[in-house]
Amino acid sequence: MAPNLDQDKTTMSESKVAIVTGANKGLGYAITQKLCEKYKGKVYLTSRDEVKGRNACEQLMKLGLNPTFYQLDITNNESVKKFVTHIHDNNEEVEILINNAGVLFLKDAPESKLVQAQQTISVNFTSLVFLTEAILPFMKSGGKIVNISSSSGHLSRIPSEDLRKKFSSKKLTLDELKCLVSSYVEDVTADREIRKGWGASPYVVSKVAVNAYTFILHRKLASQGITVNCVHPGYVQSDMTHGAGNIAPLLAANVPVQLALAPREIGQFIWHNGSAVPWGGKDPRVYIDGRHV
Ligand SMILES: NC(=O)c1ccc[n+]([C@@H]2O[C@H](COP(=O)([O-])OP(=O)(O)OC[C@H]3O[C@@H](n4cnc5c(N)ncnc54)[C@H](OP(=O)(O)O)[C@@H]3O)[C@@H](O)[C@H]2O)c1
């Protein structure tokens, strides 16, 4: 008798996987390397550029590691849907999601401030949310989400007290957060973001929004046993910092990987030294614009 494939699929146990976005280089690559070394399940090295992603996988394979490549541009909804369909069709349970992909326009970037704001918000916040919400149905109790934030994600970086209150309200919903972030882009479009108290950095707004999303998710998922944290990885030597920075990616990967494998904290903003920092407290940086403070 021919086997009942449908039944086989439902009784088959799901294989557990970890996903890292923006993993072809920098911090994401280092996180993937460490996960391949320490995590027992399959590790997806995802990258928007297929050639760069496959090359990165080959580099890790030369170290005796076994990442699985998947092309994933987080700003492309079709790309996200294709990846999620792949997870579904392979009967995979996502145990770890590390939202690492991100962009930063440095001060001398030629793009207009509106383009910078739109792209920064799109990659760092809107797409991170879209991917995470698409992956959530494939997570169960024991799942871990690590959002790579920044010192720029500290609430104190937003000048307006009114905006800080909105971002940090325990009643803030995801829809309200999306509206709040959209209003930032509208304010940049109308050239009034400074007057409205957002400050001059789209990167700050994007990472503060990532932290706000982390805490919304934590409130929603803690009772289901899914752990959500956001982390400032330190000033990392990568293309984003044009090779500046004071910590190598492999060292900076330690805290995010620890949060992905065995989180001691839940629903927290974790600093690069592994300690939880109060999001609404004093700016925790000790070194600002080249000066000790
Ligand atoms: N470097 C630091 O000092 C520092 C400090 C605090 C926080 N962070 C955060 O750490 C994370 C990693 O940064 P990094 O320093 O490793 O920077 P990086 O070397 O520039 O790497 C960024 C990664 O994100 C990917 N990416 C960008 N847009 C994407 C998209 N639409 N879809 C998928 N992937 C995309 C890039 O892919 P391509 O190669 O194709 O561009 C690259 O793989 C970011 O979230 C960043 O904000 C960095």
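In what follows, the accompanying structure is described. Bear in mind that the values here come from a model prediction, so they are computed numbers and not experimental data.

Cut-offs used in this document
Residues numbered from 1 in each chain as written. Predicted model: local features only at pLDDT ≥ 70, side-chain atom pairs only at ≥ 80, totals over all residues. Pairing = 2+ DSSP bridges. Helix = DSSP H or I, 4+ residues; strand = E, 2+ residues; numbered from the N terminus. Core = buried A, V, L, I, M, F, W, Y, C linked by C-beta atoms within 7 Å. Buried ≥ 20, exposed ≤ 12 C-beta atoms within 10 Å, placed from the backbone. Near = placed C-beta within 6 Å. Nonpolar A, V, L, I, M, F, W, Y, C, P; charged D, E, K, R; others polar. Right-handed = clockwise from strand over helix to strand, strands pointing away. Axes fitted to C-alpha atoms, helices over the stretch in contact; angles between N-to-C directions. Parallel < 35°, antiparallel > 145°, perpendicular 65-115°, else oblique. Contact = placed C-beta atoms within 7 Å. Expected span 1.5 Å × (residues − 1).

Let us look at the sheet that holds strand β1 (residues 15-20). With mixed pairing, 8 strands are arranged side by side in an open sheet as β3-β2-β1-β4-β5-β6-β7-β8. Pairing within the sheet leaves two strands with one partner each, and these edge strands are β3 (68-71) and β8 (276-277). As defined by bridge partners, strand β6 (residues 227-231) adjoins strand β7 (residues 269-270) across 2 bridges and the pair is classed as parallel. The residue of β7 that forms the bridge with V231 is I270.

Now for the nonpolar core. A18, I19, V20, I98 and A209 are the most contacted members of the largest nonpolar core, which totals 72 residues. Here this core gets 11 residues from one element, more than from any other, and that element is helix α8 (residues 202-221).

As a structural note, the neighbourhood of the ligand is formed by 30 residues, with G22, G26, G102, S238 and M240 the closest of them. Sorting elements by how many residues they give to the shell around the ligand places helix α2 (residues 26-38) first, with 3 residues. Grouping the amino acids of the shell around the ligand by side-chain chemistry returns 11 nonpolar, 13 polar and 6 charged.

Another point: the pairing of β3. Taken together, the 4 bridges between strand β2 (residues 42-47) and β3 define a ladder with parallel strand orientation. Directly across from T46, in β3, lies its bridge partner Y70. Traced from β2 through helix α3 (residues 50-62) to β3, the parallel crossover comes out right-handed.

A word on the packing of helix α7 (residues 174-189) against α8. Two elements in contact, α7 and α8, have axes separated by 10 Å at closest approach and are oriented at 175 degrees. For the element pair α7 / α8, the angle class is roughly antiparallel. Of α8, the residues touching α7 (which contributes L174, L177, V181 and Y184) are V205, A209, A212, Y213 and I216. Grouping the constituent residues of the contact of α7 with α8 by class yields 9 nonpolar, no polar and no charged.

Along the chain, V43 falls in strand β2. Taking the number of C-beta atoms within 10 Å as the measure of exposure, V43 has 26 and is therefore buried. Every residue in contact with V43, bar those within four places of it in the chain, is listed here: A18, T32, L35, C36, P67 and T68.

Okay, α2 next. With 13 residues, α2 ought to run about 18 Å at 1.5 Å a step, and its terminal C-alpha atoms sit 19 Å apart, in line with that. The buried count for α2 comes to 11 of 13 residues, which makes it a mostly enclosed element.

Geometric descriptors of this kind do not, in isolation, establish any biological role.
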